[in-house]
Protein chains: 2
Amino acid sequence: MAVRYELIKTCAQTGARLGRLHTPHGVIDTPTFMPVGTQATVKGMAPEELKELGAQIILSNTYHLFVRPGHELIREAGGLHGFMNWDRPILTDSGGFQVFSLAENRKITEEGVTFRSHLNGDKLFLSPEVATHVQNALGSDIMMAFDECPPYPAEYDYVKRSTERTSRWAERCLKAHERPHDQALFGIVQGGMFPELRRQSAADLTSLDFPGYAMGGLSVGEPKALMYEMLEETVPFLPAGKPRYLMGVGSPDALVEGSMRGIDMFDCVLPTRIARNGTVMTSQGRLVVRHAKYIRDFSPLDPECGCYACRHYSRAYIRHLIKADEMFGLRLTTIHNLHFLVELMRQVREAIREDRLRDFRNEFFEKYGMEGNESGF
Amino acid sequence: MAVRYELIKTCAQTGARLGRLHTPHGVIDTPTFMPVGTQATVKGMAPEELKELGAQIILSNTYHLFVRPGHELIREAGGLHGFMNWDRPILTDSGGFQVFSLAENRKITEEGVTFRSHLNGDKLFLSPEVATHVQNALGSDIMMAFDECPPYPAEYDYVKRSTERTSRWAERCLKAHERPHDQALFGIVQGGMFPELRRQSAADLTSLDFPGYAMGGLSVGEPKALMYEMLEETVPFLPAGKPRYLMGVGSPDALVEGSMRGIDMFDCVLPTRIARNGTVMTSQGRLVVRHAKYIRDFSPLDPECGCYACRHYSRAYIRHLIKADEMFGLRLTTIHNLHFLVELMRQVREAIREDRLRDFRNEFFEKYGMEGNESGF
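Residues numbered from 1 in each chain as written. Chains lettered and ligands numbered in written order. Predicted model: local features only at pLDDT ≥ 70, side-chain atom pairs only at ≥ 80, totals over all residues. Heavy atoms only, no water.

Give a description of the overall build of chain A that names residues and reports values.
Tallying secondary structure elements over chain A gives 15 helices and 16 strands in all. Based on the C-alpha atoms only, the size of chain A along its principal axes is roughly 60 × 50 × 40 Å. Of all 377 residues assigned to chain A, the portion counted as buried reaches 62%. Of all intrachain contacts in chain A linking residues separated by at least 6 positions in sequence, the fraction that spans at least 24 positions is 67%. (Helix = DSSP H or I, 4+ residues; strand = E, 2+ residues; numbered from the N terminus. Buried < 20%, exposed > 50% of the residue type's maximum accessible area, 1.4 Å probe, protein only. Contact = heavy atoms within 4.5 Å.)

So what about the interface of chain B and chain A? Which residues, and what values?
Listed as interface residues are 38 residues of chain B and, on the opposing side, 38 residues of chain A. Our enumeration of links across chain B and chain A arrives at 6 salt bridges. Between A:Glu326 and B:Lys43 there is a salt bridge whose closest N-O contact spans 2.6 Å. Connecting chain B to chain A are 22 residue pairs in polar contact (both at pLDDT 80 or more). The set of elements that each furnish at least two residues to the side of chain B that touches chain A consists of α1 (47-52), α3 (71-76), α4 (79-84), α12 (308-312), α13 (315-323) and α14 (327-353) of chain B. Per-element tally for the side of chain B that touches chain A: the top contributor is α13(B), with 5 residues. Grouping the constituent residues of the side of chain B that touches chain A by class yields 21 nonpolar, 6 polar and 11 charged. (Salt bridge = Lys/Arg side-chain N within 4 Å of Asp/Glu carboxyl O. Polar contact = N/O pair within 3.5 Å; in protein donor to acceptor, adjacent residues only side chain to side chain. Nonpolar A, V, L, I, M, F, W, Y, C, P; charged D, E, K, R; others polar.)

I'd like to hear about the relation of the copies chain B and chain A, residue by residue, with values.
The relation between the two chain copies is a rotation about an axis coupled with a shift along that axis. In the superposition of chain B on chain A (RMSD 0.0 Å, axial shift 0.0 Å), the rotation amounts to 180 degrees. Read as a symmetry element, the transformation amounts to a two-fold axis. Considering only C-alpha atoms, the residue of chain B closest to the rotation axis is B:Met327, which sits at 3.7 Å. Both copies share a contact surface, since 100% of the interface residues of chain B are interface residues in chain A too. (Least-squares fit on C-alpha atoms with pLDDT ≥ 70 in both.)

I'd like a description of the sheet that holds strand β1 (residues 4-10) of chain A, backed by residues and values.
Residues and elements named next belong to chain A. Strands sit in the order β1-β2-β3 across an open sheet of 3 strands; the sheet is antiparallel. Looking at which strands have only one partner, the edges of the open sheet turn out to be β1 and β3 (26-30). Adjacent strand axes in the sheet meet at a mean angle of 15 degrees when their direction is disregarded. Relative to strand β2 (residues 17-23), β1 is paired through 6 bridges, and the arrangement is antiparallel. Bridging across to β2, lysine 9 finds its partner in leucine 18. Sheet strands in contact with helix α14 (residues 327-353) are β1, β2 and β3, and its direction is about 120 degrees off that of β2. (Pairing = 2+ DSSP bridges. Axes fitted to C-alpha atoms, helices over the stretch in contact; angles between N-to-C directions.)

Describe the pattern of salt bridges, and please don't skip the residues or the numbers.
Scanning the entire structure with this criterion turns up 54 salt bridges over all chains. Measuring nitrogen to oxygen at the nearest pair gives 2.7 Å for the salt bridge that ties B:Glu354 to B:Arg356.

Run through helix α10 (residues 252-260) of chain B, naming residues and quoting values.
All names here are of chain B. With 9 of 9 residues buried, α10 is to be regarded as a mostly interior element. For α10, the complete set of buried residues consists of Pro252, Asp253, Ala254, Leu255, Val256, Glu257, Gly258, Ser259 and Met260. Residue glycine 262 follows α10 closely and has a positive phi angle near 90 degrees.

Outline the pairing of strand β2 (residues 17-23) of chain B, listing residues and values.
A regular strand carries its side chains on alternate faces of the sheet. Residue and element names in this part refer to chain B. Counted residue by residue, β2 has 5 buried out of 7 residues, so it is predominantly covered. The antiparallel pairing of strand β1 (residues 4-10) with β2 creates a hairpin that spans 6 residues between the two strands. Hairpin geometry of β2 and strand β3 (residues 26-30) is characterised by an intervening segment of 2 residues between the two adjacent antiparallel strands.

Could you give an account of the sheet that holds strand β9 (residues 123-126) of chain A, with specific residues and numbers?
All names here are of chain A. The strand order β7-β8-β9 describes an open sheet built from 3 strands, whose pairing is antiparallel. Sheet topology places β7 (104-108) and β9 at the edges, where each strand pairs with a single neighbour. Geometrically, the sheet is characterised by an average inter-axis angle of 20 degrees between neighbouring strands, direction not taken into account. As defined by bridge partners, strand β8 (residues 113-116) adjoins β9 across 4 bridges and the pair is classed as antiparallel. Its bridge partner being in β9, valine 113 is matched across the sheet by leucine 126.

Tell me about the environment of A:Arg358, and please be specific about residues and values.
Residue and element names in this part refer to chain A. Assignment of secondary structure puts arginine 358 in helix α15 (residues 357-368). Distance from arginine 358 to phenylalanine 146, taken between C-alpha atoms, is 35 Å for residues 212 residues apart in sequence. If sequence neighbours within four positions are ignored, arginine 358 has contacts with Gln13, Thr14 and Met260.

Explain the UniProt feature "active site" (unreviewed entry) in chain A residue by residue, including any values.
Residues and elements named next belong to chain A. As recorded in UniProt, the sites labelled "active site" (unreviewed entry) are Asp93 and Asp267. The named residues occupy 175 residues along the chain; their greatest pairwise C-alpha distance, 10.5 Å, places them in one compact cluster. Note on placement: aspartate 93 falls in the loop between β6 (90-92) and α5 (96-101). A distance of 2.5 Å separates the side chain of aspartate 93 from the side chain of asparagine 61, its partner in a polar contact. As for its position among the elements, aspartate 267 is in strand β14 (residues 265-267). (UniProt positions renumbered as here; feature names shortened; annotations may be inferred.)

So what's going on with the packing of α14(B) against helix α15 (residues 357-368) of chain B? Which residues, and what values?
Residues and elements named next belong to chain B. It is at 8 Å that the axes of α14 and α15 come closest, and there the two elements cross at 145 degrees. Across the interface between the two elements, Phe340, Leu344, Gln347, Val348, Ala351 and Ile352 from α14 touch Leu357, Phe360, Phe364 and Tyr368 from α15. In terms of residue class, the contact of α14 with α15 is made up of 9 nonpolar, 1 polar and no charged.

Explain the side chain of A:Arg17 residue by residue, including any values.
All names here are of chain A. Position of arginine 17 relative to the elements: it lies in strand β2. Taking the relative accessible area as the measure of exposure, arginine 17 reaches 3% and is therefore buried. Within the structure, arginine 17 has its side chain in polar contact with the side chain of aspartate 264 (distance 3.0 Å).

Tell me about the pairing of strand β7 (residues 104-108) of chain B, residues and numbers included.
Residue and element names in this part refer to chain B. As judged from the 3 bridges shared by β7 and strand β8 (residues 113-116), these two strands associate in the antiparallel manner. Residue pairing for β8: isoleucine 108 is matched across the bridge by valine 113. A loop of 4 residues connects β7 with β8, the two strands running antiparallel in sequence.

Describe the packing of aromatic side chains, and please don't skip the residues or the numbers.
For the structure shown, the criterion picks out 24 aromatic pairs over all chains. Seen from their ring centres, A:Phe146 and A:Trp169 are 5.1 Å apart, and the 25 degrees between their planes marks the pair as stacked. On the criterion of sequence distance, the pair formed by A:Phe146 in the loop between β10 (142-144) and α7 (156-176) and A:Trp169 in helix α7 is long-range, its members being 23 residues apart. Among the aromatic residues, those joined into a cluster by ring pairs are A:Phe83, B:Tyr308, B:Tyr313, B:Tyr317 and B:Phe328. (Phe/Tyr/Trp six-rings, centres within 6.5 Å; stacked < 30°, edge-to-face > 60°.)

Okay, structure coming up:
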């Protein structure tokens, strides 16, 4: 068994679970946030920095690596772990989401998706079999099934056909999987914003007995309340002994809300993307360190934070670096934001352990000012 | 005394000196190469990385910091050391070279230079007094006198007038210096490519008894042989008990040749600039890791190198990062190139200690293939 989920306890105040995910490259404490390393690197970060800030697992994108530098090259390099010098667990997505959002001129058939590379227009093909083969070459600890991710909003009939196809594709992925002994393939529950389709998708996938399940097609533009409702409609139908992963979610409020609804794993480019724009998450809410008001502010990004950036550098210095287009500024804001989310998840786990995640949520939201925030951050 | 030079020994084969430079922020083994941190950061590097690769001192640029974020802000931040979290020695240049090469619409008078900022066109003024005041605010261990750097080629009469002015300005810098107890102000020998003017400049400056002397106005486009000739014409007229700094020189061959002629300190943006373009210095000569031939090359940048990049990453990975515009690629090539020069200087010091620098030079050039290289690299 490539991956084994160990449920330690459930929070008495919420549906949150404290657990451990055992993988060939180490153990992950859950609920967890996974930094995104799209092109075999978490933008600007060295592996040692990710470890220092507490990251236990990272995500990388199959679509991007398939397009460049190619999965066979990475296989020759000893897989993604060897290629990028990361010896902790890696999760790869299937490329499904990207071919639907990034690629040009995509054409979907039952067989798979033909598309043109966003880099050079090359005609490429991804299918359940190809996406699985590529991830086998990458050697990730956790692979994702190749799915179709409907946009939001979408019509019931379209979502129904798409979700049924995702179930058929999931079965093909399982059959194509060459390394079940050391790579775990997760299924992805789709169903758009239709509880009935979500439940059907969950039933289809759980009947295939995947070692883990993701919630896909959420955080695609719908109101957060609707996303939470979809979680509530679906999570109860997933087996308690398997990990649950909410894809593409990384705002502090949604990490807490998702955990409360029984989610164990999250990923998102949000913390790293806004960092490169000079925006950081702090215990007092978000802070745009580029702003002129921080020009002579010699305090750290977040006085309550213990990350490398906050221990050694001021807002004034980081603002200077960003205004001067200096890479090191983006390193510091990236370190800070990733540390913020990793530390938030540590606090969430602690609150679950002590049966007080609802209290934690209320205190956190009051301080952070996130209540009702629909902006995604 | 802010800075004290300790001459350990002179090479029996060459004019090279092994020494130690004692400063308020620590001791520097000389000859040494100083990485350049123009805007209060060595591009892409954390201070810890610079220390790991062996950097004992860095250089920062007065002109850039004067223009942005301003020296008073840096003074408030606890000086450049506190602002950028670097607790080892810092040398700042005077801004002289930059106002002559970077600034727009500069107008030179005996009083100083009026110019427009290259960032926003603001009208600014630098003079011996202002440049000294700014460096006092920055708090560097070693400051440079405000000089005029003639272009190459230049007429004798122009260079003569310019060199005489540099001598008068040097005296004004000394008078304006507010912190001689903890900051050492070095004079800059000019004189273009005219031995007579170089000697006159050296005589003028040594009569003012600076704690150290720089060779300015070299590596400005002249053939390297001419630069070496100028060193030979000037260095003998500098006091043996003071450090000698060759400004703007950082190609491996010139570091060795300069050391052989009695130079103790060097700086250059070359290693960091070419790194960001995907070019690295190796024991076998230069290597453009961007090139397609390295796409499946899983060996390190330099098999003989022990830097962080070479210990953990392949040419194939670094090439992928650079092709994909990933910051981490530039970090790795920058680390490698700085390590290469720092390690080269360690070997130079070892060769001086063992009275075999000429032998070392010949072996190094044969392997590196630099003999007669006029490209600056």
